[in-house]
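Coordinate inspection notes
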Amino acid sequence: MKNKVQRFGKFLSAMVMPNIGALIAFGFLAALFIDTGWIPNKGFNSMVGPMLTYLIPILIASTGGRMVGGDRGRVVGSIAVIGAVLSNTDITMLMAAMVIGPLAGLCIKKFDEAIDGHMPAGFEMLINNFSAGIIGMLLAMVGYVAIGPLMTGILTAMSSGVNALVERELLPLVAVFIEPAKVLFLNNAINHGIFTPIATAQAAGTGKSIMYMLEPNPGPGLGVLLAYLFFCKDKATKDSAPGAVIIHLLGGIHEIYFPYILMNPLVIIAPIVGNIAAIFWFNMSGCGLMGPASPGSILAYVMMAPGPDMPKVLIGVVLSAAISFAVASVFVKMAGTRSLEDAQKEMAAMKAQAKGLAPVPGTIEKSTEIKKIVFACDAGMGSSAMGATKFRNRLKAGRPDIIVTNTSVDNIPTDCDIAVVQTTLADRAKKSAPQAQLITIGNFLADPALDALYVQLSTGDAPAAPAGENTDIVIPDVPIKKQVIIQDGIHLGQSSVTKEEAIQAAGEMLVKLGYVDDTYIDAMQEREKLVSTYIGMGVAIPHGTTQAKGTVKKTGIVCFQYPDGVDFGAEKAQLVFGIAGIGDEHLDLLSKLCTLLEDPALLETLKTTDDVKWVLHQLS
C-alpha cells in the first residue's frame, strides 16, 4: 500500500514541482497588482487571470505528457488540456491537467509504438506532425466533453469537504496525518498532489489559501531540532543540531529532522501537536498564503504571505515551534544516548521500505547464459556509467562475451539479462525491464552484491567471444578527445559544507562556465533527492535529472575537492564532480576517473593535493 501511495504521489508531485515557479509568479502578481493588492495596477492585473486559467494547467499537462510520452507527449498534452480548460474557465483545471497530460503522453506513445517500422520512407515528418495534431485535437474534445466536467465535480466536492472542516474548526486534525506521513516520505504526495490543487482553486477566488500552509510550515520541525540542541544527552547528536536548524529553517529541507524523530519515535507527537496549534491559529485568524511555499523554508513561507497576514503567519510559525519544542523536550530528556548515525541508517532503510523495496542478494540464475548486463541510474549519465566501466574492466578477462553497458532506469533495453540498480530505484527497474534479473546495490563502485555477481559470472564456463565481437560499450576504450574539464572548473581545498551547498556550488560553476542554464541547478538538487549520487570511495557525481538534459548547452564537468569531506548520507565525499553531459562526450573523463579509482594512492592524492595543474593532467 505504501509503495502504491508513494509511486502515485510522486508521479503527481513530479508534474507540479517543476512548475512551482509559475505558481509563485502568479502569487506575487496577485498580491501586488489586483484591486485589493499592495500596489493595484490594472495592466499588470490583467495577467493574473490568464496565468492561472491557461498557463499553469498547460505547463502541468505538458510536463505530465513529457513524463509519459517524451517531447511528442509534451506537445499533445498541451493541446489536449485546452479542451478541459475551456469547459469551465471559472475553475483552475490543475487536476484535469494532471489527468489529461499523462493520458496524452500515453496515447502518442502507444501510437508511435504501433506505427514503428511501418512508416513509408519520406513520410516520417508528415505522419509525426499530423498524428500529434489529430490525437491532440481528439483529446481536447474529450477534455471539453468529459474530463473537464468530471474534474469540476471532483474539485467542487473536495473543496466543499475542506470548507466543511474549516467551518467546523476540524481542519487542525489533518496534522495527525501530515506529520507521520512526512517522516514516511509522503510529504510531496500530500502537499503537491492534494493540497496544492485545492489551494490554487481557493486562491483564485480569495487571493490566498490556508491549504498552502498545512505541510510546509517549518515550525514543528524546528521545535524538534531545538529540543535536541538543548537537551540531547548524546554529544554528537547535540552538536549536529545547530547545522540542522539552519538547513531546515532557512533551506526548507525538512528531511533533515526526520532522523531525529526516528531516534525516539515518541517525538513524533511533538510536531503533530505543534502543527495542530498552528493550523488552529491560522484558521481562527483567517491566514493564508498566495502561493506554494516551496521549499518549506521560513523565507518562502513569509514571502508568500499577504502583507496584512505576515505578522499572523510569523506568530503561527513561532507558536508551532514553541509547542513542538516543549513537547519534544520531555521525550528527549527521557531518551537514552542512541546515536544520530544509527537513526540515519534506519531512515535510509525506512525510505526504501516506504517504496516497497527490500534488499536483493547479488545472486543470479543461469550465470553461463548471461549475455548483457545493464547498470541503470536515474539519468543514465554518471554513476551507472562509472559502475559499468569498472565492472566491465573487472569482468573482461574471464567473461569477454558479456556486454556491460549503462542507461537510465526507465530505458533499460529488452535484451537485458541482468539489471544493476540502486535499491531506491528497484521498483522502477522492475517496471522498465520485467524480464531481467535484478541486482540492487548501495553504490556502483564497491558493493558486496557486485562482488557476489562477479564471482558467479567469472566462475561460469561460457566460451570467450571472438575478437571484435564485444562492441556495445558506453564508455569507449579510446578517448573521444573532447576536453570536458578545464582549469577554471577545478577548485581544491574547499571547506566542508552541506551536501546541498556542495551541489549548489557545482551547479553554479557549470552555469558560470556556460555548460548549462540556471534551471539545471534545481534539477541537480532534485536528482539528489531521488537517489544519492555518492558512488563510493569518497566520490560523488551530482548531475541533473533525465528531464533536465534539455537545459545542457554543452558537455562539461567541474571538480570540487573537500579534504575534510561532505556528508552524503552515511558516507563522506572528498571529491564532488558536477556533470552536464550531451550524448557520450563526458564518458571518457568518467572512464579516466574509474582508472584513478583503481589506484588507492593516486586517489588519496587527488583528494588532498593543492596542485590544480596536476589534477587537470590526471583527468585530461
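Look above for the structure.
Residues numbered from 1 in each chain as written. Predicted model: local features only at pLDDT ≥ 70, side-chain atom pairs only at ≥ 80, totals over all residues. Heavy atoms only, no water.

The sheet built from 5 strands is open, its strands ordered S5-S8-S9-S7-S6 with mixed pairing. Two strands bound the open sheet, and with one partner strand each, they are strand S5 (490-491) and strand S6 (534-536). Of the pairings in the sheet, the one linking strand S8 (residues 556-568) to strand S9 (residues 571-580) comprises 9 bridges and is antiparallel in character. Counterpart to Ile557 in the pairing with S9 is Ile579. (Pairing = 2+ DSSP bridges. Helix = DSSP H or I, 4+ residues; strand = E, 2+ residues; numbered from the N terminus.)

Turning to the nonpolar core, a few remarks are in order. Judged by nonpolar contacts, the single largest core of 57 residues is most densely connected at Met213, Leu214, Leu289 and Tyr301. Top contributing element to this core by residue count: helix H4 (residues 48-87), with 11 residues. For Met213, the residues in contact, after removing those within four places along its chain, are Phe282, Cys287, Gly288, Leu289, Tyr301 and Val313. (Core = buried A, V, L, I, M, F, W, Y, C linked by side-chain atoms within 4.5 Å. Buried < 20%, exposed > 50% of the residue type's maximum accessible area, 1.4 Å probe, protein only. Contact = heavy atoms within 4.5 Å.)

Another aspect to go through is the packing of H4 against helix H5 (residues 94-115). Look at H4 against H5: their axes get within 9 Å of each other, and the N-to-C directions meet at 135 degrees. On the basis of the axis angle, H4 is oblique to H5. For the contact of H4 with H5, the class distribution of residues is 19 nonpolar, 7 polar and 3 charged. (Axes fitted to C-alpha atoms, helices over the stretch in contact; angles between N-to-C directions. Parallel < 35°, antiparallel > 145°, perpendicular 65-115°, else oblique. Nonpolar A, V, L, I, M, F, W, Y, C, P; charged D, E, K, R; others polar.)

Next up on the list: the environment of Leu602. Inspection of the secondary structure assignment puts Leu602 in helix H22 (residues 600-608). The exposure class of Leu602 is partly exposed, given its relative accessible area of 23%. Taking the C-alpha atoms as reference points, Leu602 and Gln618, 16 residues apart in sequence, are found 9.4 Å from one another.

Over its 14 residues, helix H19 (residues 499-512) runs 20 Å from end to end, which matches the ideal 20 Å to within 8%, given 1.5 Å per residue. Those residues of H19 that sit buried are Lys499, Ala502, Ile503, Ala506, Gly507, Met509 and Leu510. The buried side chains of H19 occupy one side of the element, clustering within an arc of 160 degrees when seen end-on. Backbone geometry just after H19 places Gly514 at a positive phi near 85 degrees. (Expected span 1.5 Å × (residues − 1). Arc of directions from axis to C-beta.)

It is worth spelling out the side chain of Asn275 at this point. Along the chain, Asn275 falls in helix H12 (residues 269-285). Aside from chain neighbours lying at most four places away, what touches Asn275 is Ala175, Ile178, Glu179, Leu214, Asn217 and Pro220.

This part is about the sheet that holds strand S2 (residues 403-408). The sheet built from 4 strands is open, its strands ordered S2-S1-S3-S4 with parallel pairing. Strands at the two margins of the open sheet, each flanked by one partner only, are S2 and strand S4 (437-441). Ignoring strand direction, the axes of neighbouring strands in this sheet form an average angle of 25 degrees. Where strand S1 (residues 372-377) meets S2, 6 bridges bridge the pair, whose relative direction is parallel. Within S2, the position partnered with Ala376 by the bridge is Thr407.

With respect to the helices, strands and loops of the structure, Trp614 is situated in helix H23 (residues 612-619). Discounting residues that sit within four places of it in the chain, Trp614 has contacts with Leu602, Thr605, Leu606 and Thr609.

What the rule picks out here adds up to 12 salt bridges. For Asp71, the salt bridge identified is with Arg66, shortest N-O distance 3.3 Å. Arg66 sits in the partly exposed class, given a relative accessible area of 28%. Put simply, Lys572 and Asp567 hold a salt bridge, and the shortest N to O gap is 3.0 Å. (Salt bridge = Lys/Arg side-chain N within 4 Å of Asp/Glu carboxyl O.)

So, on to the packing of aromatic side chains. All chains considered together, the criterion is met by 7 aromatic pairs. Relative to Phe568, the ring of Tyr534 has its centre 6.5 Å away and its plane inclined at 35 degrees; by these criteria the two rings are tilted. Of the two residues, Tyr534 is situated in strand S6 and Phe568 in strand S8; the sequence distance between them amounts to 34 residues. Like Phe568, Tyr534 is buried. A centroid spacing of 6.5 Å and a plane angle of 15 degrees characterise the contact between Phe560 and Tyr562, whose relative ring orientation is stacked. Judged on exposure class, the residue Phe560 and its partner Tyr562 are both buried. Counting every residue linked through ring pairs, the aromatic cluster contains Phe230, Phe231 and Phe325. (Phe/Tyr/Trp six-rings, centres within 6.5 Å; stacked < 30°, edge-to-face > 60°.)

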